[in-house]
Amino acid sequence: PLLVSERLIPALHDPAVAMIGECFMDLIAKCLYMTLIVEAHQAAFDEARRANRRLAELRETMSAVWENSSDTIAISVRKISGNLASMVSPSFFRSALASGE
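Residues numbered from 1 in each chain as written. Predicted model: local features only at pLDDT ≥ 70, side-chain atom pairs only at ≥ 80, totals over all residues. Heavy atoms only, no water.

1. Considering the overall build of the chain
Selection criterion: The way it works is that DSSP assigns letters per residue, a run of H or I at least four long becomes a helix, a run of E at least two long becomes a strand, and they are numbered from the N terminus. Classification of residues uses two cut-offs on accessible area relative to the type maximum, computed with a 1.4 Å probe and protein chains only: under 20% is buried, over 50% is exposed, and between them is partly exposed. Should any heavy atoms of two residues lie within 4.5 Å, those residues are counted as being in contact.
Counting its secondary structure elements, the chain contains 3 helices and 2 strands. Looking at the 101 residues of the chain, the share that counts as buried comes to 4%. Look at the contacts in the chain between residues 6 or more apart in sequence, and 7% of them connect residues 24 or more apart.

See below:
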């Protein structure tokens, strides 16, 4: 059954109008889908998050090297105030304690 009389609005019964409407709805759906994909991409590949993940991995790796190294590692850093801060790896103390026994 026809909802709109063909005499009132003849353009609505043209097959081209149905095709245009279908294309328009397809365009809207694709735009929404693209928006979701872009948001997911930005969440997954956000530079700040990636940098934080890499720093966390580096921190874990360096912590393992620092704690388990058989060689003595010494690091010195000059602070903004001009003072010097130094750290010595735990292997230094292990070797010092072993030689003192």
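Okay, back to it.
2. Details of the confidence of the model for the chain
The cut-off we apply is this: Per residue, pLDDT captures the predictor's confidence, and it can take any value from 0 to 100.
Per-residue pLDDT for the chain averages 85, and the proportion of residues at 70 or more is 84%. Put simply, helix H3 (residues 90-100) is where the chain has its lowest mean pLDDT, 74, and helix H1 (residues 15-44) is where it has its highest, 92.

3. Here's the deal with the side chain of serine 89
To keep it simple, the criterion reads: In protein, a polar contact means a hydrogen-donor-capable atom and an acceptor-capable atom, both N or O and within 3.5 Å, with residues adjacent in sequence counting only if both atoms are side-chain atoms; elsewhere, any N or O pair within 3.5 Å suffices.
One can find serine 89 in the loop between strand S2 (84-88) and H3. We classify serine 89 as buried; its relative accessible area is 0%. At 3.0 Å, the side chain of serine 89 forms a polar contact with the side chain of serine 91. Leave out the neighbours within four places in its chain, and serine 89 touches Trp66, Asp71, Thr72 and Ile73.

4. Quick notes on a nonpolar patch on the surface
For clarity, the threshold we go by: Like charges are joined within 9 Å and nonpolar side chains (Val, Leu, Ile, Met, Phe, Trp, Tyr) within 5 Å, but only among residues with over 30% relative accessible area and no salt bridge; these make up the patches. Only the protein chains shown count as cover for residues, and the accessible areas themselves come from Shrake-Rupley with a 1.4 Å probe. In the sections that follow, a salt bridge refers to a side-chain nitrogen of Lys or Arg positioned within 4 Å of a carboxyl oxygen of Asp or Glu.
A cluster of nonpolar side chains, Phe24, Met25, Leu27, Ile28 and Leu32, forms an exposed patch at the surface whose accessible area comes to about 520 Å². Residue position: methionine 25 is located in helix H1.

5. Examining the pairing of S2
Filter applied, for reference: Whether two strands pair comes down to DSSP finding at least two bridges between them.
Relative to S2, strand S1 (residues 74-78) runs antiparallel, the two being bridged by 5 bridges. Counterpart to valine 77 in the pairing with S2 is alanine 85. Between S1 and the antiparallel strand that follows it, S2, lie 5 residues; glycine 82 among them carries a positive phi value of about 100°.

6. Some words on the environment of arginine 50
Position of arginine 50 among the secondary structure elements: in helix H2 (residues 47-68). Using a relative accessible area of 27% as the deciding quantity, one classes arginine 50 as partly exposed.

7. Looking at the pattern of salt bridges
Here the idea is simple: oppositely charged side chains can pair when their charged atoms come close. Overall, the coordinates contain 2 salt bridges when judged by the stated rule. In this structure, aspartate 26 engages lysine 30 in a salt bridge whose closest nitrogen and oxygen atoms are separated by 3.3 Å. In this pair, aspartate 26 and lysine 30 are both assigned in helix H1, 4 residues apart and thus about one turn of the helix distant. Assessed through its relative accessible area of 52%, lysine 30 is described here as exposed.

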